[in-house]
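Below are the chains, spelled out letter by letter.
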Amino acid sequence: MSHEDGILLWRGCTYRNQLPEELKSIERVLRRVDVAFSTLEEGCCGYPLFLSGYQREARDLAVENIDEIGSFRLIVTACPACLRAFKEVYEEHFGLSLPPVLHLTQFLDEKVKEGVLTRDRLRPVKLKVMYHDPCELGRAMGVYEEPRRLLGLVPGLRLFEQRFTREASACCGGGGLLPAFFPSLASMAAARKLTQEDRVPEDLDAVVTTCPQCILNLRKGLEMWVEEEGLEDLQVLDLAQILDMALGG
Amino acid sequence: MGENFERLVGDYLQALWDAAMDDHIRLALSRAVESFRRNRAAAFKLYPWVEEKAERLREVKDYSLLHVDELAREVKDRVEDLHGNCIIAETVEEAMEYIGDQVKPGDVVVKAKSITSEELHLNPRLEELGCKVYETDLGEFIIQNLGSRPMHILSPAIHVSRERVAELFSKVMGREFPPDIPTLAGAAREFLREKFLEAKVGISGANAIAAETGTTFLIGNEGNTRLVTGLPEKHIVIAGLEKIVPTLQDGMLVVEVVSRYANYKAPAYVSLISGPSKTGDIEKQIVYGAHGPREYHVVLLDNHRREMIKDPVYRQALRCLRCGACLYECTIYPLVAGYYGYLYMGGIGAVFTKYLIGGMENAAPIAYTCTLCGRCKEYCPMKIDVPEMILKLRSELAERGLVPERVRGNVEEITGRKLE
Ligand code: SF4
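Structural notes on the overall build of chain A
Right, on to step 1. Within chain A, the secondary structure is distributed over 11 helices and 8 strands.
Right, on to step 2. For a compact globule of 249 residues, the expected C-alpha radius of gyration is about 18 Å, and chain A comes in at 18 Å, within 12% of that figure.
Right, on to step 3. Residue pairs in contact within chain A that sit at least 24 positions apart in sequence constitute 80% of those at least 6 positions apart.
Right, on to step 4. Total accessible area on chain A stands at roughly 9700 Å², and carbon and sulfur atoms take up 45% of it.

A look at the sheet that holds strand 6 (residues 158-160) of chain A
Residue and element names in this part refer to chain A.
Right, on to step 1. With parallel pairing, 4 strands are arranged side by side in an open sheet as 6-5-7-8. Lying at the two open borders of the sheet, with one neighbouring strand each, are strand 6 and strand 8 (235-238). When strand polarity is set aside, the average angle formed by the axes of neighbouring strands in this sheet is 40°.
Right, on to step 2. Pairing analysis gives 3 bridges linking strand 5 (residues 128-131) to strand 6, with the strands arranged parallel.

Quick look at the pattern of salt bridges
Right, on to step 1. Taken as a whole and assessed by the stated rule, the structure comprises 52 salt bridges over all chains.
Right, on to step 2. Residues A:Arg84 and A:Glu136 are paired through a salt bridge, measuring 2.5 Å at the closest nitrogen-oxygen approach. Here A:Arg84 is found in helix 5 (residues 80-93), whereas its partner A:Glu136 is found in the loop between strand 5 and helix 7 (145-153), with 52 residues between them in sequence. Per residue, the accessibility class of A:Arg84 equals that of A:Glu136, and both read buried.
Right, on to step 3. Between B:Lys243 and B:Glu242 there is a salt bridge, and its shortest N-O distance comes to 3.5 Å.
Right, on to step 4. We classify B:Glu242 as buried; its relative accessible area is 3%.
Right, on to step 5. Look at the salt bridges and you will find they share partners, linking A:Arg163, A:Arg192, A:Glu197, A:Arg199, B:Glu34, B:Arg37, B:Arg40, B:Glu329 and B:Arg375 into a network.

Concerning the nonpolar core
Right, on to step 1. A:Phe86, A:Leu108 and B:Tyr340 are the most contacted members of the largest nonpolar core, which has 199 residues in total.
Right, on to step 2. Each residue touching A:Leu108, except ones within four places of it in the same chain, is listed here: A:Val29, A:Leu30, A:Val33, A:Leu117, A:Leu150 and A:Leu243.

Looking at the site of the ligand
Right, on to step 1. Looking at the ligand, the residues that line it are B:Cys320, B:Leu321, B:Arg322, B:Cys323, B:Gly324, B:Ala325, B:Cys326, B:Ile348, B:Cys380, B:Pro381 and B:Ile384.
Right, on to step 2. Tallied by class, residues from the shell around the ligand come to 9 nonpolar, 1 polar and 1 charged.

A closer look at the environment of B:Lys243
Residue and element names in this part refer to chain B.
Right, on to step 1. Residue position: Lys243 is located in the loop between strand 7 (234-240) and strand 8 (244-245).
Right, on to step 2. Owing to a relative accessible area of 7%, Lys243 belongs among the buried residues under this scheme.
Right, on to step 3. With 36 residues separating them along the chain, Lys243 and Thr279 place their C-alpha atoms 29 Å apart.

Observations regarding helix 12 (residues 248-261) of chain B
Right, on to step 1. The end-to-end C-alpha separation of helix 12 of chain B is 20 Å, in line with the 20 Å expected for 14 residues at 1.5 Å each.
Right, on to step 2. Considered for burial, the residues of helix 12 of chain B that qualify are B:Asp250, B:Gly251, B:Leu253, B:Val254, B:Val255, B:Val257, B:Val258, B:Ser259, B:Arg260 and B:Tyr261.

As for the domain arrangement of chain B
Residue and element names in this part refer to chain B.
Right, on to step 1. With domains assigned, chain B is organised as domain 1 (2-46 + 324-415) and domain 2 (50-306).
Right, on to step 2. Opposite the 33 residues of domain 1 that make contact, domain 2 presents 30 residues.
Right, on to step 3. Carbon and sulfur atoms supply 68% of the area that domain 1 and domain 2 bury against each other, a total of about 2700 Å² over both sides.
Right, on to step 4. Three residues stand out in domain 1 for area buried against domain 2, namely Phe44, Leu356 and Met382, and they jointly supply 21% of the buried area on that side.
Right, on to step 5. If you look at where domain 1 meets domain 2, you find 0 salt bridges.
Right, on to step 6. The tally of links between domain 1 and domain 2 comes to 4 residue pairs in polar contact (both at pLDDT 80 or more).

Thresholds applied
- Residues numbered from 1 in each chain as written.
- Chains lettered and ligands numbered in written order.
- Predicted model: local features only at pLDDT ≥ 70, side-chain atom pairs only at ≥ 80, totals over all residues.
- Heavy atoms only, no water.
- Helix = DSSP H or I, 4+ residues; strand = E, 2+ residues; numbered from the N terminus.
- Rg over C-alpha atoms; globule rule 2.2 N^0.38 Å.
- Contact = heavy atoms within 4.5 Å.
- Areas by Shrake-Rupley, 256 points an atom, 1.4 Å probe, with all protein chains shown as cover.
- Pairing = 2+ DSSP bridges.
- Axes fitted to C-alpha atoms, helices over the stretch in contact; angles between N-to-C directions.
- Salt bridge = Lys/Arg side-chain N within 4 Å of Asp/Glu carboxyl O.
- Buried < 20%, exposed > 50% of the residue type's maximum accessible area, 1.4 Å probe, protein only.
- Core = buried A, V, L, I, M, F, W, Y, C linked by side-chain atoms within 4.5 Å.
- Near = heavy atom within 4 Å.
- Nonpolar A, V, L, I, M, F, W, Y, C, P; charged D, E, K, R; others polar.
- Expected span 1.5 Å × (residues − 1).
- Domains from an automatic or database assignment.
- Buried area = accessible area lost by both parts, 1.4 Å probe.
- Polar contact = N/O pair within 3.5 Å; in protein donor to acceptor, adjacent residues only side chain to side chain.

Below, the structure is given as structure tokens:
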């Protein structure tokens with residue numbers, strides 16, 4: 001099969017295996033903005049191999065993956081780790097060549113610029129949210145503005161600005177495979193981030209982010225370690241879920 | 001090896017967990033983090049050009065590392081010219097042998113500001129030689145008497161509450177103390193005062209060494225650096241090769257940058273020491289040993305630093321000024337203090353552990369604790385890219401089969417591949 005004009009939504013194994021609801025929102029949002037895309041029965045992008053030090057194995061997997069994805073016109077992924085794997089590890093580190101790859105927020109931001117995704121298509125979402133910069137997307141890939149512009153488009157949404165954002169933002173603790181090495185410490189870091197670093201207010205409805213690792217770890221942190229009053233109902237949502245709500249669910 | 005390694009990892013994780021569960025540590029650290037940030041903001045406001053200076057210093061440090069051999073020789077020449085002694089010690093043993101030759105059984109040794117000396121396991125070795133060793137920085141003094149290990153590079157006793165200090169001092173000094181910080185500081189002052197006077201040897205580190213004059217720069221706040229380097233007959237400086245910079249001006253740049261990033265507007269004391277004390281007041285005849293030390297020894301320690309310099313990724317670690325900024329902004333350190341580390345702490349500590357003390361096996365669990373978030377780099381005056389170094393270290397660890405089982409197992413599960 002030739003994919004020469006096609007867009008691939010690389011879903012990534014974390015979304016596929018652990019966040020099916022969030023993944024549905026991602027796919028629905030793309031359909032709502034009239035994007036025809038393909039998906040694959042993809043496995044791992046190889047990033048965990050690279051992170052844990054198994055570079056040779058990561059490269060082997062990259063070569064296998066390129067067989068499957070190399071002929072698409074564009075690859076879109078909502079997982080910053082996959083994004084970084086493709087752009088930094090495959091291309092820069094291993095010198096392999098790939099079609100252009102965009103993070104979902106970068107791709108949707110283009111749709112805004114093209115006039116496809118417009119404010120008048122969005123219904124109000126009456127929530128107070130805080131955007132958390134995933135380290136892999138922000139500091140690592142320099143994507144700070146696109147997610148904020150997308151959230152800024154949603155009527156009714158109020159944005160809480162935490163103490164540390166963008167380059168200075170506090171990591172959720174879910175990176176670097178710490179959740180594998182020491183899961184309780186990773187989730188404890190998430191709790192500290194929200195309460196001590198970000199100092200989330202009681203009336204915050206949701207922490208919004210756009211990384212499956214962050215979502216999982218922040219949720220675990222809230223569940224396991226946060227006892228502060230007023231934060232019992234705090235949710236952690238994927239940015240795509242907010243857009244999904246705004247686009248009519 | 002596998003089993004022992006896993007046991008080492010297990011012990012490390014247990015220590016991390018105990019620290020994470022310790023309310024004292026958490027409270028002490030969260031206070032420390034916030035007050036550090038407040039003080040740093042105040043210092044940066046007063047001296048807004050510090051970031052620019054840090055950038056300049058980065059260049060100086062890179063230059064110095066790449067010219068370390070000639071600069072070290074220059075230090076040696078200058079120090080000897082000024083009637084001091086200098087040795088470029090390739091190994092810990094060489095350094096220790098030299099220092100051992102400078103002390104006698106029964107000597108009282110006072111120390112200030114030298115984390116590098118820990119690479120030599122200096123205190124126990126001096127004790128084996130029959131010396132009595134006193135750490136004189138208040139924090140180090142507390143740690144030494146607790147028999148614990150330093151928990152921060154600048155504030156080693158960051159995790160110890162005033163109540164525990166009071167208890168400890170009562171035991172050490174044989175009388176009761178209230179948990180009142182000024183009283184406790186006064187008690188340490190009184191106790192150590194006589195040790196300074198008794199001491200035959202003073203040992204210090206260096207914040208910088210200027211090659212053009214062989215001058216040691218030493219920053220201090222408590223005043224103990226003055227006494228350690230001024231009262232005993234002998235002063236021994238122990239410094240890693242990376243502390244050398246070309247000129248006196250460069251040394252001042254280090255002082256300025258490290259103080260501001262370590263959250264001081266200005267440190268109380270900066271000592272510049274070039275050689276033993278001397279006088280020429282009688283007939284213009286210079287004699288050595290006036291009011292200050294008669295002997296001045298500089299031990300420049302390699303201990304794998306030159307090997308680090310040869311590696312373009314790891315080299316950057318040697319720009320480190322030990323300002324501690326990265327630790328306060330770390331994702332993990334504020335939860336567990338220096339247990340996230342070996343002697344040197346935090347993500348960068350993993351690299352120092354590999355090269356300077358502890359080796360690959362001890363570096364491994366530290367390397368896999370780092371979340372690779374990269375926030376430290378944003379706050380580091382030397383813009384040291386810790387994630388880049390950790391990734392390299394992890395690939396070396398994987399080559400040697402030193403990936404902790406929990407990590408390897410997880411990655412096998414995700415990728416469906418058998419590893420190793
Ligand atoms: S790595 Fe950077 S921030 Fe950390 S102690 Fe060294 S110079 Fe300071």
